[in-house]
Amino acid sequence: MSPTRASRRRLLRGAAALAGAAAFALAATACSTSTAPQGGGGKNYVGGTGEISTIEQGHRTAAPELSGKTVDGAQLSLADYKGKVVVVNIWGSWCPPCRAEAPHLAEVARQTKSQGVEFVGINTRDLQTAQAKAFEKEFDIPFPSLYDPAGDLLLRFPKGSVNPQAIPSTLILDRQGKIAVRALKELSAGELHKALDPVVAEK
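### Regarding the pairing of strand β9 (residues 179-183)
Okay, so step 1: The buried fraction of β9 is high, at five of five residues.
Okay, so step 2: In terms of strand pairing, strand β2 (residues 52-55) meets β9 through three bridges, oriented antiparallel. Residue pairing in the sheet places isoleucine 52 in a bridge with alanine 183 of β9.
Okay, so step 3: In this structure, strand β8 (residues 169-173) lies alongside β9, joined through four bridges in antiparallel fashion. Residue pairing in the sheet places isoleucine 172 in a bridge with valine 181 of β9.

### Here's the deal with the environment of leucine 187
Okay, so step 1: Mapping leucine 187 onto the fold places it in the loop between β9 and α4 (189-201).
Okay, so step 2: Given the relative accessible area of 4%, leucine 187 is considered buried.
Okay, so step 3: Sequence separation between leucine 187 and glutamate 101 is 86 residues; the distance between their C-alpha atoms is 5.7 Å.
Okay, so step 4: What leucine 187 contacts, discounting residues up to four positions off in sequence, is Ile52, Glu101, His104, Thr170 and Leu192.

Rules used throughout
- Residues numbered from 1 in each chain as written.
- Predicted model: local features only at pLDDT ≥ 70, side-chain atom pairs only at ≥ 80, totals over all residues.
- Heavy atoms only, no water.
- Buried < 20%, exposed > 50% of the residue type's maximum accessible area, 1.4 Å probe, protein only.
- Helix = DSSP H or I, 4+ residues; strand = E, 2+ residues; numbered from the N terminus.
- Pairing = 2+ DSSP bridges.
- Contact = heavy atoms within 4.5 Å.

The following block contains the structure:
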């Protein structure tokens, strides 16, 4: 074998090893995160922390139809909340940042209920509802969550859209059911209010 061919084979083996290591690291990560909001250069998105994107009213797209059974077995559809601001939080009981932000979500949900704001969770990757129910009980969650163990509901968001690309993720939908804010991070109560309050104030 010529030195050139041998070198090429060594390079290919090295690249394959790196790819395998990267795939293993990704699979071993408990929660996925993303730090780069989409569309920053198009002036339709205003990045806050680099993980929170605010979409201008004229450039928002409607959220997909999200419906199904909740963690408690009831039937729920986002269409039930037509005309209200809706906060959609994607979470899993296995995810440490989800556990950290849960008390803040519960707090803001109670504070804004009288303003016509509704909260809906999407529980994902919990193989049994018992795990999700224990989470909701532990953190006294006052809002329902759709049970989506395989992530089927998340796949309804088109590629390239302002979709939830991390766990946890939070979307804020305006009164027309369009995505006004996307957060790809664990939120504090203050951060959530800062993102939510302007949408509530919209006419």
